[in-house]
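Examining the three-dimensional arrangement
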Amino acid sequence: MMATVADHRPSRLRLAVSDGRAVTWRNLRGMTRIPEVMVFSTIQPLIFVLTFRYVFGGAIKIPGVRYVDFLMPGVFVQTVAFGAMNTAVGLAEDLRSGMLDRFRSLPIARSAVLAGRTIADLVRNLLVVTLMVGVGFLVGFRVHTNPLAFLLGLAILVYFSFALSWVFALIGLAMPNAEAAQAASFPVLALLVFASAAFTPTNTMPGWLRVYTEHQPVSDTAEALRALVLGGPTTSAVLSALAWSTAILVVFVPLAVRSYRRAVR
């Protein structure tokens with residue numbers, strides 16, 4: 001029996017993957033044209049490392065753990081959290097410039113635009129984290145478990161980075177320009193990063209603040225990385241971190257897609 005034309009037509013999933021790959025490549029090439037974005041994305045966490053390691057590190061004591069080993073997992077999480085803000089800024093700029101309208105006029109899957117942006121930002125975050133790992137080793141950070149556990153920790157970090165990008169995709173699509181997207185993103189990041197267990201233990205915090213810091217995604221992801229780097233019980237911490245990232249994706253991917261459809265209607 002002769003195959004029909006429809007039999008040779010690519011599936012919608014294959015088309016969406018192909019379109020997403022093309023948009024990802026477009027965004028990655030755009031990043032190479034503005035190297036300042038990568039430079040300043042690296043400078044900020046580097047300043048945090050040097051400040052907390054050499055300015056505050058002598059005043060913060062963690063029983064049984066060197067502060068630098070406690071600090072660096074939190075810095076890794078802080079790095080990808082602030083890096084996710086670029087998703088909001090990039091989408092807001094594409095919306096303002098009319099790029100999203102041009103994407104709408106093309107025969108591509110609508111999911112490819114958001115997936116391409118979040119995956120490109122994931123690649124950028126991975127590069128920055130790799131650099132920060134090197135900086136961490138230079139300032140005295142050490143892995144006390146094994147390389148496999150450390151790689152698992154980085155995989156959890158990458159998953160969290162991807163999930164958080166969808167939160168900021170929603171913010172970026174709701175803002176009129178890149179400046180507004182950046183301004184709207186910072187309060188969210190401040191509540192997540194600075195009110196967390198990323199840089200200090202929670203046992204010295206007031207009770208009301210401790211309840212929040214011990215039950216939020218940045219803290220749980222940082223604690224999962226610490227467990228995998230420093231040793232000790234890991235299952236509960238890893239499952240909590242994975243649950244947070246999965247829940248964020250389940251909630252914010254549909255919301256971001258719906259917001260995108262309204263924005264380019």
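Residues numbered from 1 in each chain as written. Predicted model: local features only at pLDDT ≥ 70, side-chain atom pairs only at ≥ 80, totals over all residues. Heavy atoms only, no water.

1. Some details on the packing of aromatic side chains
Evaluated as defined, the whole model comprises 8 aromatic pairs. Seen from their ring centres, Tyr67 and Phe70 are 6.3 Å apart, and the 25° between their planes marks the pair as stacked. Of this pair, Tyr67 and Phe70 both sit in helix H3 (residues 67–97), separated by 3 residues, roughly a single helical turn. Residue Tyr67 is classed as buried on the basis of its relative accessible area of 7%. Grouping aromatic residues by their ring pairs yields a cluster made of Phe76, Phe137, Phe141 and Phe150. In this arrangement the basic side chain of Arg226 is found over the ring face of Phe70, its NZ or CZ atom lying 3.6 Å from the centre. (Phe/Tyr/Trp six-rings, centres within 6.5 Å; stacked < 30°, edge-to-face > 60°. Helix = DSSP H or I, 4+ residues; strand = E, 2+ residues; numbered from the N terminus. Buried < 20%, exposed > 50% of the residue type's maximum accessible area, 1.4 Å probe, protein only. Lys NZ or Arg CZ within 6 Å of the ring centre and 35° of its normal.)

2. Some remarks on the packing of H3 against helix H6 (residues 147–174)
Interaxial distance between H3 and H6 falls to 7 Å at its minimum, and their mutual angle equals 30°. Looking at the two axes, H3 sits roughly parallel to H6. The crossing of H3 and H6 is right-handed. Of H6, the residues touching H3 (which contributes Phe76, Val77, Val80, Ala81, Ala84, Met85, Thr87, Ala88, Leu91, Ala92 and Leu95) are Phe150, Leu157, Phe160, Ser161, Leu164, Ser165, Phe168, Ala169, Gly172 and Leu173. By residue class, the composition of the contact of H3 with H6 is 17 nonpolar, 4 polar and no charged. (Axes fitted to C-alpha atoms, helices over the stretch in contact; angles between N-to-C directions. Parallel < 35°, antiparallel > 145°, perpendicular 65-115°, else oblique. Left-handed = near helix turned anticlockwise from the far one by under 90°. Contact = heavy atoms within 4.5 Å. Nonpolar A, V, L, I, M, F, W, Y, C, P; charged D, E, K, R; others polar.)

3. Here we look at the confidence of the model for the protein
This prediction gives the protein a mean pLDDT of 83; 81% of its residues lie at or above 70. Here residues 1–8 scores under 50 on pLDDT; set against residues more than four positions off or in separate chains, the count is 1 contact. (pLDDT = per-residue confidence, 0-100.)

4. Concerning the environment of Phe252
Tracing the backbone shows Phe252 in helix H10 (residues 235–263). The partly exposed category is assigned to Phe252, whose relative accessible area is 24%. Spatially, the C-alpha atoms of Phe252 and Leu164 are 8.8 Å apart, while their sequence positions differ by 88 residues. Discounting residues that sit within four places of it in the chain, Phe252 has contacts with Trp166, Val167 and Leu170.

5. As for helix H9 (residues 217–230)
In this model, H9 (14 residues) spans 20 Å end to end at C-alpha, consistent with the 20 Å of a helix rising 1.5 Å per residue. For H9, the buried fraction is high: 12 of the 14 residues fall into the buried class. Inspection of H9 places Pro217, Val218, Ser219, Asp220, Thr221, Ala222, Ala224, Leu225, Arg226, Ala227, Leu228 and Val229 among the buried residues, and these make up the whole buried set. At its buried positions, H9 is contacted by H3, H6, helix H7 (178–194), helix H8 (207–213) and H10. Where H9 begins, the side chain of Gln216 points an oxygen toward the backbone nitrogen of Val218, at a separation of 2.8 Å. Once H9 ends, the next one or two residues include Gly231, with phi positive near 100°. (Expected span 1.5 Å × (residues − 1). Polar contact = N/O pair within 3.5 Å; in protein donor to acceptor, adjacent residues only side chain to side chain.)

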